[in-house]
Amino acid sequence: MGKRSRRERPRAETTRRAPGVEPSPPPAAEEKPAAEAQVAREEKPAAEAQVAEEKPTAEERPRVEEKPTAEERPRVEEKPAEERPRVEKPAEERPRVEVKPAEERPRVEAKRAEERPRVEAKPAEERPRAVASHGLGAFLLHLHPRLVRRRTLTLRATLGLGLATLVSLGLVTLTGLLLLVHYVPSVERAHASLQELETLVPLGAFLRRLHRYSGHAAVLFALLHLARALLWGAYRGAHRRVWLLGALLLLTTLATSYSGYLLPWDQDAYWTVTVGSSLFRYLPFVGEPLRDLMLGASEVGQPALTRFFVLHVVALPALGLLLLVLHLFRLRRAGGLARAPGAAGPGEELVPAAPELVRRELALSLLVLLGLLLVALPESLPLGPAPDLARPDNPPKAPWFFVGLQELVSYSASFGGVLFPLLLAGLLLFLPWLDGGERGGGEPLAERGAALAIPAATALVAATAILGLRWWGDPQAGASSWLNPASLAALAALGVALLAALRHRSRALGAQALLAGLLVALLVFTLAGWFWRGPDWALLWHPGPGRGLP
């Protein structure tokens, strides 16, 4: 607080008294607090003003120096380890480690010789051998894994059907390239160019027969390969895409073989393609457009020959090669041949693929090649006369692998030409997903109950188809569109498949039995159409219903 001014000081209570005047009495006690409050109000603003004057300004405040940053701090260099002073404790201060006497240490007893694990050396034939890194051996090794299971070296694993199909396709491709040198794809020159090939070119007729029989062998081996994969259950799990690509490759092989039938341009080729193309008309909605696209006109002529030539030489072989590469690639990605998960025992140990597997495949390839050469040696495939458009063959037949469909159409255009083929194609393409099984195969008829159900289904369906031919196989027998040999065989296959699925509680077994039954029925109708049909499509061994067998 500052000093009070003279005006603010209170006056003295005592004053000079005039003579003869009595002193005034002191003020009352109530007036003193009011005076003090008045003085406090007057002193407060003055005190606040004085405090404000005493506070220092920003320039007058002492500055606090900031700490230096990491870059501004002086660095303390570390001395190397050998220059640092060592602080060693005296010997008496160091901890002492007492060594236990020998009798107190734990003993480690060595195992007896008979208790030690024995490492047996593999025999010489099981040890991996050095393989070729160049040439034909290196090329063949790219098609195989480095190690395979011993059971895959046996013929029972695949029956060699896949390799036989591959060899037949390779041979038909090679011979086809040689035939292209002399063939002329025109209506006027096609037949004559093949006549010149057979009469003037050395081994020309043999080359043509070898090409034809190799194509037939490729179709036959592919069908047997599919049947083997079906019975072995080699389409489940990781092999689903392998099966699908294989089924598409089979259809491509059939189409390639059919497109080559027209190229000789003789009487048999012309009417074979005419009958085969007429089967497309029975497909609803897409049949007629497909036939027009394939022939390029209302009947077989130069547009059809040109299109069949392009399909047979360029388009379908390119598609087949792509599907073949994908098929083999997916087979390698699936781990090779199908096998049951967790399978163990004899035959499941891994062995090198070379040279055992490569040698067996080379031997089988040479055997297939030798068989085809022997079949093509006899002069059993003469070139027919030029086509006569006014005099068809009686009966005109489709190629042998399509004559079963021709037999089905002869019973009923709606069931035999549409429903039966669609049911068979649907089962063929989507069997792995309809089956529903995840357990891989690897052994014939490995599914529970398959050893009895599959043979029973095929036998019953075959008997039903033959009996249907016996009673309604003749065109004059009075078969209806829905009651004919084809419908009876399909119903028999469906019934047996349903019975097997319910009996063993296995959808996989039902799907297998159904596809096997339909394939056997198609085989019976193919044999009937190829061997037993005579003029006017009459059965040669069947005089009619109710008149007995010859």
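Quick caveat, the model's predicted, so the values are computed rather than measured.

A few words on the overall build of the protein chain. Counting its secondary structure elements, the protein chain contains 15 helices and two strands. Looking at the protein chain as a whole, 37% of its 550 residues are labelled buried. Contacts in the protein chain between residues far apart in sequence, at least 24 positions, make up 81% of those at least 6 positions apart. For the protein chain, the exposed surface amounts to about 35,900 Å²; the carbon and sulfur share of it is 61%.

As for its position among the elements, W472 is in helix α13 (residues 450-472). Linking W472 and L483, residues eleven residues apart in sequence, is a C-alpha distance of 8.7 Å.

Its 28 residues place the ends of helix α5 (residues 204-231) 41 Å apart at the C-alpha level, agreeing with the 40 Å of an ideal helix rising 1.5 Å per residue. Where burial is concerned, most of α5 is hidden: 20 out of the 28 residues are buried. Two residues or fewer after α5 comes G233, characterised by a positive phi angle close to 65 degrees.

To continue, consider the packing of helix α3 (residues 161-179) against helix α10 (residues 356-376). Look at α3 against α10: their axes get within 10 Å of each other, and the N-to-C directions meet at 55 degrees. The angle between α3 and α10 falls in the class oblique. Crossing geometry of α3 relative to α10 is assigned as right-handed. When α3 is examined against α10, the residues L163, A164, V167, S168 and L171 are found in contact with a partner set consisting of E361, L364, S365, V368, L369 and L372. Classifying every residue of the contact of α3 with α10 by side-chain character gives eight nonpolar, two polar and one charged.

As a further point, take the pattern of salt bridges. Tallying each qualifying case throughout the model produces three salt bridges. We note a salt bridge from E407 to R533, for which the minimum N-O separation is 2.4 Å. Highlighted residues: E407 in helix α11 (residues 403-411) and R533 in the segment after α15 (507-531), separated in sequence by 126 residues.

Now for the packing of aromatic side chains. Under the counting rule described, the total for this entry stands at ten aromatic pairs. Ring geometry for Y183 and F309: centres 5.9 Å apart, planes at 25 degrees, overall stacked. Separated by 126 residues along the polypeptide, Y183 in the loop between α3 and α4 (190-200) and F309 in helix α9 (residues 302-333) bring together distant segments of the chain. A single burial state applies to Y183 and to F309, both of which are buried. One aromatic cluster is present, built from ring pairs that chain together Y258, Y261, F308, W400, F401 and F402. The ring of Y261 carries R212 above its face, with NZ or CZ at 4.9 Å from the centroid. Over the aromatic face of W232 sits the side chain of R228, whose NZ or CZ is 5.7 Å from the ring centroid.

Moving on, we get to the nonpolar core. Counting residues in hydrophobic clusters, the biggest one holds 74 residues, and the most contacted among them are W243, L262 and V300. Sort the elements by how many residues they give to this core and α15 lands first, with twelve residues. Apart from the residues lying within four places of it in its own chain, the contact partners of L262 are A269, Y270, V273, V300, A304, L305 and F308. Core analysis: the next-biggest nonpolar cluster, separate from the first, contains eleven residues, A164, F206, L372 and A376 among them.

On to a nonpolar patch on the surface. Together, L523, L527, W530, F531 and W532 give the surface a local cluster of nonpolar side chains, amounting to about 500 Å² of exposed area. Within the fold, F531 resides in helix α15. The exposure class of F531 is exposed, given its relative accessible area of 54%.

We now examine the packing of α4 against α5. α5 packs onto α4 with a crossing angle of 120 degrees between their chain directions and a minimal axis gap of 6 Å. Of the possible angle classes, the one that applies to α4 and α5 is oblique. Along its contact with α4, which presents L194, L197 and E198, the element α5 presents G204, A205 and R208. Broken down by class, the residue content of the contact of α4 with α5 amounts to three nonpolar, one polar and two charged.

This part covers unusual backbone geometry. Non-glycine residue L203 carries a positive phi angle of around 60 degrees. Judged by its relative accessible area of 67%, L203 falls in the exposed class. The residue R505 is not glycine, and still its phi comes out positive at about 50 degrees. Looking at R505, the relative accessible area reads 78%, which means it is exposed.

Positionally, S193 belongs in helix α4. If we skip the residues at most four places from it in the chain, S193 touches H182, Y183 and V184.

For the rest of this paragraph, the subject is the environment of A500. Turning to its location among the elements, A500 is positioned in helix α14 (residues 485-504). Its relative accessible area of 7% is what places A500 among the buried residues. Sequence spacing of A500 and A453 is 47 residues, and the spatial spacing of their C-alpha atoms is 6.2 Å. In contact with A500, not counting residues within four places along its chain, are A453, R505 and L509.

In this section: the confidence of the model for the protein chain. Taken as a whole, the protein chain shows an average pLDDT of 78; of its residues, 69% reach a score of 70 or greater. Mean pLDDT per element in the protein chain: helix α2 (residues 135-141) is the minimum at 55, and α3 is the maximum at 94. In this model, residues 128-133 is a region of pLDDT below 50 whose contacts with residues beyond four sequence positions or in other chains number ten contacts.

A word on α9. For α9, spanning 32 residues, the distance from its first C-alpha to its last is 45 Å, which sits close to the expected 46 Å at 1.5 Å a residue. Listed as buried for α9 are A304, L305, F308, F309, H312, L316, G320, L323, L324 and H327. G335 occupies a position one or two residues after α9 and carries a positive phi of about 95 degrees.

Analysis parameters
Residues numbered from 1 in each chain as written. Predicted model: local features only at pLDDT ≥ 70, side-chain atom pairs only at ≥ 80, totals over all residues. Heavy atoms only, no water. Helix = DSSP H or I, 4+ residues; strand = E, 2+ residues; numbered from the N terminus. Buried < 20%, exposed > 50% of the residue type's maximum accessible area, 1.4 Å probe, protein only. Contact = heavy atoms within 4.5 Å. Areas by Shrake-Rupley, 256 points an atom, 1.4 Å probe, with all protein chains shown as cover. Expected span 1.5 Å × (residues − 1). Axes fitted to C-alpha atoms, helices over the stretch in contact; angles between N-to-C directions. Parallel < 35°, antiparallel > 145°, perpendicular 65-115°, else oblique. Left-handed = near helix turned anticlockwise from the far one by under 90°. Nonpolar A, V, L, I, M, F, W, Y, C, P; charged D, E, K, R; others polar. Salt bridge = Lys/Arg side-chain N within 4 Å of Asp/Glu carboxyl O. Phe/Tyr/Trp six-rings, centres within 6.5 Å; stacked < 30°, edge-to-face > 60°. Lys NZ or Arg CZ within 6 Å of the ring centre and 35° of its normal. Core = buried A, V, L, I, M, F, W, Y, C linked by side-chain atoms within 4.5 Å. Patch = residues over 30% accessible without salt bridge, like charges linked within 9 Å, V, L, I, M, F, W, Y side chains within 5 Å. pLDDT = per-residue confidence, 0-100.

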